[in-house]
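Examining the three-dimensional arrangement
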Amino acid sequence: MTGKLIDGIAIGKEIREEIKEGVRKLSEKGCQPGLAVILVGDNPASHTYVKNKQKSSVEVGMKSELIQLPTTVSEEELLSHVEQLNEDDSIHGILVQLPLPDHIDENLVIRAIAPEKDVDGFHPENVGKMIIGQQSFLSCTPYGIIKLLERSGVEIRGKHAVIVGRSNIVGKPMGQLLLQRDATVTYCHSKTVNLSNYTKQADILIVAIGRTKFITDEFVKEGAIVIDVGMNRDENGKLCGDVDFESAKEKASAITPVPGGVGPMTITMLLKNTLQSAEQAFADGRCPQ
Ligand code: NDP
């Protein structure tokens, strides 16, 4: 079997058009959604991510603000910027680009973001609400994967989903979102013994481990849906996933490529969360200011 391609660029574009329309309607009422990004230091990958996020937010009509701080910035100064943005009614989404330098406590910074502006969905309040099924901001990458599955017509209910990777930003929330949609979920990680025993049982296999082309066809059940979250560089510096696309596609019924799969969806959901935050601010009378 040669798997159908799940096209994150096309699906992301479709959702961004809907977001653009939502932004236009809200802006007409005097409430333009605003996204602020704090970037610390000069990590080239972080710069690229931030540039893309800014560009995408402007494309859908949002106000975009960038606060760039040197690597040497103190934790106190960074927290004071977060505090100012929390108070700024023209900003509905705050994102602190990770990783932060070692002298800054990432958890402390994440907890300092007002939960109602935490459009990355990393604040413990949003994570907790997500787990008990209450309205919250969902972590952008897993949320984007849910949209990819839904818009590709993949039935989740009753399916066995196997998640490889248990990070707080991808693996763990991914499993919870699938559980809420009535999948049976198995988590695998680096201490899992005989990984392929589990992955070969997956109807939906989601891989987020950060290991170049680690998951080959030998890990995939015939007809499975394969979602590759990985963003790695191969020996030639080419962007590639955690899944060996060429071999896995022969067994999968549908599969995401890298690039062009999960990646575009992550930014799309960041925009969606920011619009959701602005809509809430409008409903609460906090926007326009
Ligand atoms: P982390 O490094 O935080 O977590 C990796 C997870 O994979 C850990 O749970 C680890 O297990 C597990 N793992 C590592 N090696 C193996 C192995 N050989 N077998 C089974 N499990 C293993 O990574 P992230 O979740 O942050 O990211 C994962 C990948 O996804 C990266 O390539 C990253 O660049 C990419 N990514 C892509 C995004 C996108 O928008 N497309 C967004 C976020 C991430 P243990 O817990 O036991 O250590």
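In the block above lies the structure referred to throughout.
This report concerns the structure included in the present document. (Residues numbered from 1 in each chain as written. Predicted model: local features only at pLDDT ≥ 70, side-chain atom pairs only at ≥ 80, totals over all residues. Heavy atoms only, no water.)

The strand order across the open sheet formed by six strands is S1-S11-S8-S7-S5-S6, and the pairing between neighbours is parallel. One side of each edge strand has no neighbouring strand; the edge strands of this open sheet are strand S1 (4–5) and strand S6 (184–188). Against the sheet, helix H7 (residues 171–180) makes contact with strand S5 (160–164), S6 and strand S7 (204–207), and its axis sits at roughly 170° relative to S6, the strand it touches most. (Pairing = 2+ DSSP bridges. Helix = DSSP H or I, 4+ residues; strand = E, 2+ residues; numbered from the N terminus. Contact = heavy atoms within 4.5 Å. Axes fitted to C-alpha atoms, helices over the stretch in contact; angles between N-to-C directions.)

Of note, Gly41 is situated in the loop between strand S2 (34–40) and helix H2 (44–59). By relative accessible area, which is 14% here, Gly41 ends up buried. For the pair Gly41 and Leu69, spaced 28 residues apart in the sequence, the C-alpha separation amounts to 6.3 Å. Look past the residues within four positions of Gly41 in its chain and what remains in contact with it is His47, Leu69, Pro70 and Thr71. (Buried < 20%, exposed > 50% of the residue type's maximum accessible area, 1.4 Å probe, protein only.)

The local shell around the ligand holds 22 residues, among which Arg166, Ser167, Ser190, Met231 and Thr266 are the closest. In the model, an oxygen atom of the ligand is placed 2.7 Å from a nitrogen or oxygen of the Arg166 side chain. Surface burial for the ligand is 73%, taken as the share of its 930 Å² of free accessible area covered by protein chains. Counted by class, the shell around the ligand contains nine nonpolar, 10 polar and three charged residues. (Near = heavy atom within 4 Å. Polar contact = N/O pair within 3.5 Å; in protein donor to acceptor, adjacent residues only side chain to side chain. Areas by Shrake-Rupley, 256 points an atom, 1.4 Å probe, with all protein chains shown as cover. Nonpolar A, V, L, I, M, F, W, Y, C, P; charged D, E, K, R; others polar.)

For side chains bearing opposite charge, pairing can occur when the charged atoms are close. Evaluation of the coordinates by the stated rule reveals 14 salt bridges. Two residues, Glu59 and Lys55, come together in a salt bridge whose shortest N-O distance is 3.5 Å. Of this pair, Glu59 and Lys55 both sit in helix H2, four residues apart, roughly one helical turn. Of the charged contacts, one joins Lys147 and Glu150 as a salt bridge, the two residues approaching to 3.6 Å between their closest N and O atoms. Residue Lys147 and its partner Glu150 are located together in helix H6 (residues 140–151), separated by three residues, close to a single helical turn. The structure contains a network of salt bridges with shared partners spanning Glu14, Glu18 and Arg151. (Salt bridge = Lys/Arg side-chain N within 4 Å of Asp/Glu carboxyl O.)

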